[in-house]
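Results of the structural survey
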Amino acid sequence: MTRWGSGFADFDNDGWNDILIAAGNFTPLTDAVPTDPRYLEPLQVFRSNGNGTYSDLSDASGLNQGTMQSRRGTAFGDIDNDGNIDVVVFNVGAPPSVFLNETKNANHRALFRLLGTRSNKSAIGARVIVSTSSPAGTTTQIGEVRGGGSYLSSNDQRLHFGLGAATVMTHVQVHWPSGLFEDLKDVPADAIYTIVEGQGIKETVKLPSPAR
């Protein structure tokens, strides 16, 4: 395969990042060469098993049920604000494909929109560390606000965290580019939070309750 757009995202909100890959060769002329990758290629999605291995769910996901395309960049984000990460894929010579994630399970999640004051307003470079606790111990996840994504693409700058069974984040630590550090305690899951540098949480938008 000729891979272009790729990225990690927690599509099922279990706390482990999955992988999506978009592919397509440079020109349809390569289809005349039996040993070359095809010009039109399927999307690939791999679900994390939580132990360093992945399961191929490319066909089961339904991503390849439509017309095959020669894919390029991918952009990840929660388009419809339901707490699930969606994907937009750029196709050569055709409109982009929009894939809305309709995964339904009991896993919790949260998104954080950061606004800088002393730092740059988009908070590019800010790092968020989310900790949750369970009988099995403490789980820590790290997200960083970036200005880009995969090939010719830019992701949703809100940071998304799948939280699994956790209903509360025991700590949400924000490291701002200015050097400022904030530690928010016992933050409920299932919401979109706007955090302003030096001012903590300024807006909370509740997400739909996870499906049971």
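One can find the structure itself at the top, above this paragraph.
Residues numbered from 1 in each chain as written. Predicted model: local features only at pLDDT ≥ 70, side-chain atom pairs only at ≥ 80, totals over all residues. Heavy atoms only, no water.

Take the sheet that holds strand β3 (residues 44-48) next. Pairing is antiparallel in the open sheet, where four strands are placed in the order β1-β2-β3-β4. Here the strands that pair on one side only, and so sit at the sheet edges, are β1 (3-9) and β4 (54-56). Ignoring which end each strand starts from, the neighbouring axes of this sheet average 20° apart. Where strand β2 (residues 18-23) lies against β3, three bridges are found, and the strand directions are antiparallel. Considered in β3, the bridge of Ile19 is made with Phe46. (Pairing = 2+ DSSP bridges. Helix = DSSP H or I, 4+ residues; strand = E, 2+ residues; numbered from the N terminus. Axes fitted to C-alpha atoms, helices over the stretch in contact; angles between N-to-C directions.)

Attention now goes to the nonpolar core. With 22 residues, the main nonpolar core has Phe112, Leu114, Val128, Val130, Leu163, Met169 and Val172 as its most contacted residues. Mapped onto this core, the elements with two or more residues apiece are β8 (108-115), β9 (127-134), β11 (159-164), β12 (168-175), β13 (181-188) and β14 (191-196). Among residues more than four places away in sequence, those in contact with Phe112 are Val130, Gln157, Arg158, Leu159, Phe161, Met169, Val172, Tyr193 and Ile195. Leu20, Leu63, Phe76 and Ile85 belong to the second largest nonpolar core, which has twelve residues in total. (Core = buried A, V, L, I, M, F, W, Y, C linked by side-chain atoms within 4.5 Å. Buried < 20%, exposed > 50% of the residue type's maximum accessible area, 1.4 Å probe, protein only. Contact = heavy atoms within 4.5 Å.)

This next bit is on the sheet that holds strand β10 (residues 137-144). On the basis of which strands lie adjacent, the open sheet formed by four strands has the order β10-β9-β12-β13 and antiparallel pairing. Across the chains shown, the open sheet's two edge strands, defined by having one partner strand only, are β10 and β13. Ignoring which end each strand starts from, the neighbouring axes of this sheet average 20° apart.

The next subject is the pattern of salt bridges. Counted by the stated rule, this structure contains seven salt bridges. The partner of Arg158 in a salt bridge is Asp156, with the nearest N and O atoms 2.9 Å apart. You can call Arg158 buried: its relative accessible area is 19%. Relative accessible area serves as the criterion here: at 27%, Asp156 is assigned to the partly exposed category. What emerges from the salt-bridge pattern is a single network uniting Asp12, Asp14 and Arg47. (Salt bridge = Lys/Arg side-chain N within 4 Å of Asp/Glu carboxyl O.)

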